[in-house]
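Structural description and commentary
Single-letter residue listing:
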Protein chains: 4
Amino acid sequence: MTFQEPIHDVAQLAMVEIFTPKYEESLNFFETFLGMYKQAEDGKSAYLRAYEDRYHHSMKLTRSDKAGVGVISWRAMSPQALERRVAAIAASGQPGRWVEGHKGYGRAYEFTTPDGHVNHLFWDVEYFKPTEAQRSRLLSRAQKRPLSGVPVRRLDHVNIMVSDVTKNATFMQETLGFQKRENVVFGGKDELACWLSVSPLVHEIAMTKDNSGHGNRLHHLAFWYGSQGQMLDIADLLKEYGLHIEAGPAKHGISQGYFIYFYEPGGNRIELFGDCGYLIFDPEWKTVTWDETNFWSEGGVWIGGDLPQDFFVYGTPIVEAAAEAARAAEVEPAE
Amino acid sequence: MTFQEPIHDVAQLAMVEIFTPKYEESLNFFETFLGMYKQAEDGKSAYLRAYEDRYHHSMKLTRSDKAGVGVISWRAMSPQALERRVAAIAASGQPGRWVEGHKGYGRAYEFTTPDGHVNHLFWDVEYFKPTEAQRSRLLSRAQKRPLSGVPVRRLDHVNIMVSDVTKNATFMQETLGFQKRENVVFGGKDELACWLSVSPLVHEIAMTKDNSGHGNRLHHLAFWYGSQGQMLDIADLLKEYGLHIEAGPAKHGISQGYFIYFYEPGGNRIELFGDCGYLIFDPEWKTVTWDETNFWSEGGVWIGGDLPQDFFVYGTPIVEAAAEAARAAEVEPAE
Amino acid sequence: MTFQEPIHDVAQLAMVEIFTPKYEESLNFFETFLGMYKQAEDGKSAYLRAYEDRYHHSMKLTRSDKAGVGVISWRAMSPQALERRVAAIAASGQPGRWVEGHKGYGRAYEFTTPDGHVNHLFWDVEYFKPTEAQRSRLLSRAQKRPLSGVPVRRLDHVNIMVSDVTKNATFMQETLGFQKRENVVFGGKDELACWLSVSPLVHEIAMTKDNSGHGNRLHHLAFWYGSQGQMLDIADLLKEYGLHIEAGPAKHGISQGYFIYFYEPGGNRIELFGDCGYLIFDPEWKTVTWDETNFWSEGGVWIGGDLPQDFFVYGTPIVEAAAEAARAAEVEPAE
Amino acid sequence: MTFQEPIHDVAQLAMVEIFTPKYEESLNFFETFLGMYKQAEDGKSAYLRAYEDRYHHSMKLTRSDKAGVGVISWRAMSPQALERRVAAIAASGQPGRWVEGHKGYGRAYEFTTPDGHVNHLFWDVEYFKPTEAQRSRLLSRAQKRPLSGVPVRRLDHVNIMVSDVTKNATFMQETLGFQKRENVVFGGKDELACWLSVSPLVHEIAMTKDNSGHGNRLHHLAFWYGSQGQMLDIADLLKEYGLHIEAGPAKHGISQGYFIYFYEPGGNRIELFGDCGYLIFDPEWKTVTWDETNFWSEGGVWIGGDLPQDFFVYGTPIVEAAAEAARAAEVEPAE
């Protein structure tokens with residue numbers, strides 16, 4: 001039988017929108033602590049970039065009554081690739097339609113996953129153009145490294161909470177060509193989480209089972225440092241200024257990522273990724289599956305403290321059970 | 001006009017063969033200082049792996065009267081991709097033929113670049129299978145992390161010295177689908193170096209102009225750490241034990257790689273790559289071009305000491321002019 | 001009233017003896033994973049040094065039926081200082097006597113603390129003399145950096161479990177001139193731990209309340225790296241090879257030390273110190289006191305995972321209650 | 001003969017005054033890039049602290065027509081120690097007098113070294129008292145870690161350029177009890193530099209021979225990070241914003257310090273110290289002497305790029321020859 005060739009039609013996770021009930025505090029946090037640049041702002045949203053992100057923005061921060069995730073935007077590998085994927089999504093039966101006028105990119109195909117997460121796939125994009133003062137002396141750097149906080153370098157991945165991991169992952173694999181790099185399966189049948197990518201990265205998107213019954217939530221949004229030392233520096237700042245660090249700095253077995261998880265002021269969980277993890281170049285990669293015999297001892301955390309109960313229940317929007325667990329873990333913010 | 005879709009037919013740099021006139025010393029160095037595993041050995045060659053390399057070997061170390069580079073082996077993205085690239089190479093007029101029986105992989109297409117470097121492209125590969133004692137508790141790690149030296153994680157890239165950078169790069173771009181990520185062009189016309197990749201990495205192969213007139217030489221072979229601190233640790237060991245460190249630890253502007261260059265006992269320049277550099281996900285990436293106005297001040301080295309004259313003339317096999325420069329820089333080895 | 005001048009009569013913690021019921025496994029661990037040198041060995045003990053320790057040895061590893069701590073040896077600041085401290089100890093009423101012939105140093109004054117820990121104070125010491133092959137090219141380094149594991153640089157401190165922290169600390173302060181840099185006091189009266197030093201270091205010796213009723217035990221022995229990255233490297237090795245990591249890498253609020261705690265094969269808790277912590281130069285330093293309102297949230301761990309229950313009960317020799325807690329936490333050693 | 005006991009009467013380098021012809025630019029630099037706090041300011045000077053410095057200030061930045069060093073202020077170990085040292089200085093024949101009213105400390109003894117550097121020795125000091133908003137949650141930290149730049153932790157040492165190294169070092173040793181930890185002697189007689197300390201640090205003050213004939217100049221003022229990664233971060237910022245990095249990040253053999261040298265906007269050389277170096281606890285320490293056979297290969301730089309010619313000639317105030325060398329090395333500041 002013939003080897004099925006991989007699909008290379010989705011280039012990257014380009015932008016993610018998150019909702020915040022504390023818009024000013026959230027915006028100030030991303031600017032001051034993570035050194036992100038506010039590229040644009042309208043009455044409802046701010047458009048932010050990490051200093052090595054190349055497009056108009058990589059995160060859209062939107063006022064809302066609840067925290068959570070909005071549109072997840074992907075860039076196609078080519079105009080032709082965009083058409084191919086749109087055809088595949090349409091064939092899948094999941095609802096979709098072409099939309100216009102989103103800030104930062106042109107005509108996009110909007111579709112929802114089985115769990116209801118809204119995604120955009122587009123080709124035409126608006127590049128960030130630095131002013132003379134913003135231009136870096138490092139030609140491959142989109143913008144000067146900022147002076148505030150411990151600045152993140154680029155958007156890395158998004159982790160969504162879904163009612164059915166296998167079903168939603170299959171949709172992303174079959175319609176968009178994602179490959180399942182790692183997953184967690186307990187009892188030989190219950191898929192609790194998985195990590196999917198269209199590149200050598202272990203994941204641009206991951207899925208965590210939502211046990212709250214709510215579904216369609218955000219587990220976390222992740223930005224990238226690639227440096228171990230910067231993780232201790234940002235953790236020091238978060239601790240000093242009273243942000244709630246949920247876990248880390250520590251190293252996952254899964255993805256080999258050196259991580260820290262905390263809640264931004266609006267309540268969304270943010271991950272900072274301070275290692276290179278590992279890269280997958282093998283085209284015959286077999287999904288690495290963790291189970292109850294090794295997830296707790298090596299997979300969840302390879303080096304460093306444990307993942308708290310919160311990590312497995314808390315997501316945004318917050319649902320009560322999770323909220324209680326989260327409140328229980330809340331630290332007293334310093335004035 | 002329509003956007004030309006990128007080619008995704010070459011998956012990765014899989015293996016590189018280097019020649020050494022000091023086989024035992026070289027072998028001992030790679031095992032003791034870089035923690036590489038000797039997977040196999042025959043009368044003529046040793047087959048070595050970094051502990052996160054997944055195939056039978058990633059470096060073939062071969063006895064020879066002179067240092068230098070042998071076969072550069074690439075894995076295709078699929079059997080179909082292999083056939084497509086073979087057709088393109090054949091169409092290019094460069095000589096090529098199918099070869100069998102190379103240790104570590106099956107039937108391969110052997111071809112030479114315009115400058116004469118010998119390459120293999122293959123699909124069927126032999127995976128490394130750890131013994132019980134070698135198996136890592138980290139499921140995505142091919143083998144236990146070794147206890148000796150500062151062990152490298154994987155083969156990263158090869159940099160070859162060629163008589164004509166543009167001509168050889170064009171061959172790799174047109175026949176194999178490499179993209180030119182960065183290059184150095186002085187006087188608006190003389191291409192002195194370029195960095196090519198088939199993945200988000202800035203390069204799996206780079207080319208440096210060989211001014212010695214020899215051509216078809218090795219500039220360096222690079223292994224990957226991804227950790228800044230390990231660079232200081234390996235540099236400390238190299239200095240203690242009298243290896244010649246040519247440059248670094250320092251950070252290139254080009255590739256943003258945190259590097260160290262030194263000569264292994266056989267005389268081949270080895271680079272260790274201790275940073276993540278940056279990754280390229282933009283399918284419309286435009287080659288970043290450095291020139292005489294910024295190469296010396298930012299491109300060659302962004303942070304840290306300068307690149308010595310050796311760096312621009314020394315390669316293997318050693319040709320006299322370069323050899324003199326190298327000898328001049330030689331440090332007294334400690335007993 | 002006049003300011004009481006500090007006493008500067010004790011120069012440093014020079015050597016510590018630990019007992020192990022698994023002599024060969026312990027010896028192999030310290031040599032292979034921590035890169036320590038076996039300077040001498042007799043039927044009963046091995047004498048080990050970190051590569052930047054300057055004397056004959058810094059740790060004496062002794063065969064025993066139980067794990068635990070033996071003699072704690074201090075070097076005086078001068079021969080005169082030795083006499084002054086001996087007079088002060090004698091005046092304190094604690095038993096003491098001059099002893100001869102301990103390997104590594106000359107005539108020493110042996111005394112016991114109120115809790116029964118045996119200490120030596122000496123002046124004449126035997127320096128380590130490297131062979132030509134062992135001599136480092138770095139003149140301030142006692143010996144070449146070793147090639148095995150992630151080598152520790154020097155002995156840092158010892159932490160002992162005592163029945164009465166205040167009483168034993170007072171003895172060290174009044175007779176030897178230690179200063180209490182930090183302590184933990186709950187309920188405004190119960191001193192649970194303290195950190196004492198005779199130098200700008202926060203501690204050469206620390207004391208932890210022994211709730212087992214046993215007393216006179218070892219909490220941990222600590223070696224120094226001073227590098228954050230090396231902590232992740234040694235943790236990776238310990239995890240790979242099945243050693244029990246109790247906590248860390250993480251950062252204490254107390255001492256600001258970046259730590260990792262694990263049990264060597266003989267069962268003794270070892271700490272590796274991967275940060276500089278902070279240094280105290282202020283001669284009017286006031287003891288920093290942590291209580292129940294800030295010890296759990298900032299003092300015990302400033303950055304990273306929590307300290308497990310084990311940390312507060314387990315010591316050597318092992319007493320049952322603690323042993324159970326320890327066994328419960330035991331991981332499955334890898335083959 | 002009896003062992004001469006060490007003197008422990010000087011506790012620490014407390015404050016250093018530097019002059020700048022570009023007061024506003026210098027002040028902005030120390031606040032924005034090094035995260036220093038402006039504790040006070042009068043018409044002529046600003047008083048700055050690193051966030052872990054415990055007194056009113058550690059650096060006094062003073063308007064002047066030329067760059068250079070002003071008063072170097074030391075804290076005594078006790079009031080009695082202050083009197084003892086004053087008596088020793090007076091006995092030495094070097095001019096001295098009691099002065100009052102310097103901001104940050106009380107009555108001080110002002111004296112000049114043979115080369116003319118002005119020093120203060122004092123006991124009574126004004127401690128920094130954080131406001132509620134400035135108070136750190138880490139009890140041993142004087143103030144919250146700042147959010148701007150890569151903040152330095154504390155003042156580390158000063159390096160002065162003198163006409164006669166041996167003569168000036170001898171004065172510091174005999175009158176204040178400094179110990180000579182390392183030095184550089186070429187040709188067996190010409191002492192080119194030395195490192196002196198009153199603590200386990202390798203130096204609180206160092207001396208470099210001034211070949212310009214001027215003497216009484218500043219070679220550099222050093223602040224401390226203790227983290228290797230932060231050195232790459234601050235170097236990245238300096239490079240981005242056009243400051244002149246003279247050397248590093250690299251590791252000295254002497255002091256084992258991981259260093260970076262650059263010129264602040266006023267022209268004074270600043271060193272950032274990103275490693276722990278090594279600490280000296282041996283009371284019988286013998287001065288480590290480097291000569292022409294090992295200074296260039298190991299002593300000056302152990303790991304990393306070379307020290308440029310500037311390093312050996314440039315100091316402040318700038319004298320012509322040195323100025324030319326410095327201008328030659330000047331990079332184009334980015335807008």
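Residues numbered from 1 in each chain as written. Chains lettered and ligands numbered in written order. Predicted model: local features only at pLDDT ≥ 70, side-chain atom pairs only at ≥ 80, totals over all residues. Heavy atoms only, no water.

Named according to an unreviewed UniProt entry, chain A is Manganese-dependent 2,3-dihydroxybiphenyl 1,2-dioxygenase originating from Pseudogemmobacter humi.

All names here are of chain D. As summarised here, the arrangement of the nine strands in space is E14-E15-E16-E13-E9-E12-E11-E10-E17, forming an open sheet in which the pairing is mixed. The open sheet terminates on both sides in strands that have one partner only, identified here as strand E14 (244–251) and strand E17 (288–290). Pairs of neighbouring strands in the sheet enclose a mean axial angle of 20°, with direction left out of account. Relative to strand E12 (residues 205–209), strand E11 (residues 190–197) runs antiparallel, the two being bridged by four bridges. Note on E12: the bridge partner recorded for Leu-196 is Ile-205. (Pairing = 2+ DSSP bridges. Helix = DSSP H or I, 4+ residues; strand = E, 2+ residues; numbered from the N terminus. Axes fitted to C-alpha atoms, helices over the stretch in contact; angles between N-to-C directions.)

Moving on: the relation of the copies chain C and chain A. Rotating chain C by 180° and moving it 0.0 Å along the rotation axis overlays it on chain A with an RMSD of 0.0 Å. Accordingly, the operation relating the two chain copies is best matched by a two-fold axis. Judged by C-alpha distance, Gly-305 of chain C is the residue of chain C that lies nearest the rotation axis, at 2.0 Å. The fraction of interface residues of chain C whose copies in chain A are also interface residues reaches 100%, indicating that both copies meet through the same surface. (Least-squares fit on C-alpha atoms with pLDDT ≥ 70 in both. Contact = heavy atoms within 4.5 Å.)

Strand pairs in the sheet, formed through backbone hydrogen bonds, run parallel or antiparallel to each other. Residues and elements named next belong to chain C. Spatial strand order, E2-E3-E4-E1-E5-E8-E7-E6: eight strands in an open sheet with mixed pairing. Each having just a single partner strand, strand E2 (37–41) and strand E6 (96–99) make up the two edges of the open sheet. Neighbour to neighbour, the strand axes of the sheet diverge by 25° on average, direction disregarded. Pairing geometry for E6 and strand E7 (residues 108–112), over four bridges, is antiparallel. Its bridge partner lying in E7, Arg-97 is registered against Glu-110. Where helix H2 (residues 79–92) meets the sheet, its contacts fall on strand E1 (10–20), strand E5 (68–76), E6, E7 and strand E8 (118–122), and the angle it forms with E7 comes to roughly 25°. The sheet contacts of helix H3 (residues 165–176) involve E1, E5, E7 and E8, and relative to E7 the element is tilted by about 150°.

The interface is formed by 17 residues belonging to chain C together with 17 residues belonging to chain A. Both sides of the chain C and chain A interface together cover about 1,400 Å² of buried area, and 64% of this is carbon and sulfur. Sorting the residues of chain C by area buried against chain A places Lys-239, Trp-302 and Ile-303 of chain C first, and these three jointly supply 43% of that buried surface. Seen at the junction of chain C and chain A, the total is zero salt bridges. The set of elements that each furnish at least two residues to the side of chain C that touches chain A consists of helix H4 (228–240), strand E14 (244–251) and helix H5 (295–299) of chain C. The leading source of residues in the side of chain C that touches chain A is H4 of chain C, at seven residues. Here the residues of the side of chain C that touches chain A are counted per class, giving seven nonpolar, six polar and four charged. (Buried area = accessible area lost by both parts, 1.4 Å probe. Salt bridge = Lys/Arg side-chain N within 4 Å of Asp/Glu carboxyl O. Nonpolar A, V, L, I, M, F, W, Y, C, P; charged D, E, K, R; others polar.)

Between chain B and chain A, the superposition needs a rotation of 180° and an axial shift of 0.0 Å, giving an RMSD of 0.0 Å. A share of 100% of the interface residues of chain B reappears at the interface of chain A, consistent with the copies meeting face to face through the same patch.

Turning to the nonpolar core, a few remarks are in order. Looking at soluble globular proteins, one finds that nonpolar side chains tend to be buried together. The biggest cluster of nonpolar side chains holds 155 residues, and the ones touching the most others in it are Phe-30 and Leu-272 of chain A together with Phe-30 and Leu-272 of chain C. Not counting residues within four places of it along the chain, the set of residues in contact with Leu-272 of chain C comprises Leu-34, Val-152, Phe-223, Tyr-225, Met-231, Ile-234, Tyr-258, Phe-259, Ile-260 and Phe-262 of chain C. Within the second largest apolar cluster, 153 residues are counted, among which are Val-10, Leu-155 and Trp-195 of chain B together with Leu-237 of chain D. (Core = buried A, V, L, I, M, F, W, Y, C linked by side-chain atoms within 4.5 Å. Buried < 20%, exposed > 50% of the residue type's maximum accessible area, 1.4 Å probe, protein only.)

With that settled, the discussion passes to the packing of helix H2 (residues 79–92) of chain D against helix H3 (residues 165–176) of chain D. Residues and elements named next belong to chain D. Contact geometry for H2 and H3: axes closest at 8 Å, N-to-C directions at 135°. As the angle between them shows, H2 and H3 are arranged oblique. Judged by residue contacts, Arg-85, Ala-88, Ile-89 and Ser-92 of H2 engage Phe-171, Glu-174, Thr-175 and Leu-176 from H3. Across the contact of H2 with H3, the residue classes break down as four nonpolar, two polar and two charged. (Parallel < 35°, antiparallel > 145°, perpendicular 65-115°, else oblique.)

Residues and elements named next belong to chain A. Structurally, the position occupied by Asp-190 is in strand E11 (residues 190–197). When residues no more than four places from it in sequence are discounted, the contact partners of Asp-190 are Val-184, Val-185 and Lys-209. Here the side chain of Asp-190 touches Lys-209 through a polar contact of 3.4 Å, side chain to side chain. (Polar contact = N/O pair within 3.5 Å; in protein donor to acceptor, adjacent residues only side chain to side chain.)

Taken as a whole and judged by the stated rule, the model has 94 salt bridges over all chains. Between Arg-145 of chain A and Asp-233 of chain D there is a salt bridge whose closest N-O contact spans 3.0 Å. Of this pair, Arg-145 of chain A sits in the loop between strand E8 (118–122) and strand E9 (154–162) while Asp-233 of chain D sits in helix H4 (residues 228–240), placing the two residues on different chains. Taken individually, Arg-145 of chain A and Asp-233 of chain D each receive the classification buried, so the pair is uniform in this respect. For the salt bridge of Glu-191 of chain C with Lys-180 of chain C, the shortest nitrogen-to-oxygen distance reads 2.8 Å. Remark: Lys-180 of chain C occurs in strand E10 (residues 179–186) and Glu-191 of chain C occurs in strand E11 (residues 190–197); sequence separation between them is 11 residues. On the basis of relative accessibility, which here comes to 7%, the residue Glu-191 of chain C falls in the buried class. Three or more residues joined by partner-sharing salt bridges are found here, namely Glu-52, Arg-141, Arg-145 and Arg-153 of chain A together with Asp-233, Asp-236 and Glu-240 of chain D.

Below, the discussion takes up helix H4 (residues 228–240) of chain A. Since one α-helical turn is 3.6 residues long, residues separated by three or four positions face the same way. Residue and element names in this part refer to chain A. Along its 13 residues, H4 runs 19 Å from first to last C-alpha, staying within 8% of the 18 Å computed at 1.5 Å per residue. The buried count for H4 comes to 13 of 13 residues, which makes it a mostly enclosed element. Backbone nitrogen of Gly-229 and a side-chain oxygen of the N-cap are separated by 3.5 Å at the start of H4; the cap is Ser-227. In the stretch just after H4, Gly-242 is the one whose phi turns positive, near 80°. (Expected span 1.5 Å × (residues − 1).)

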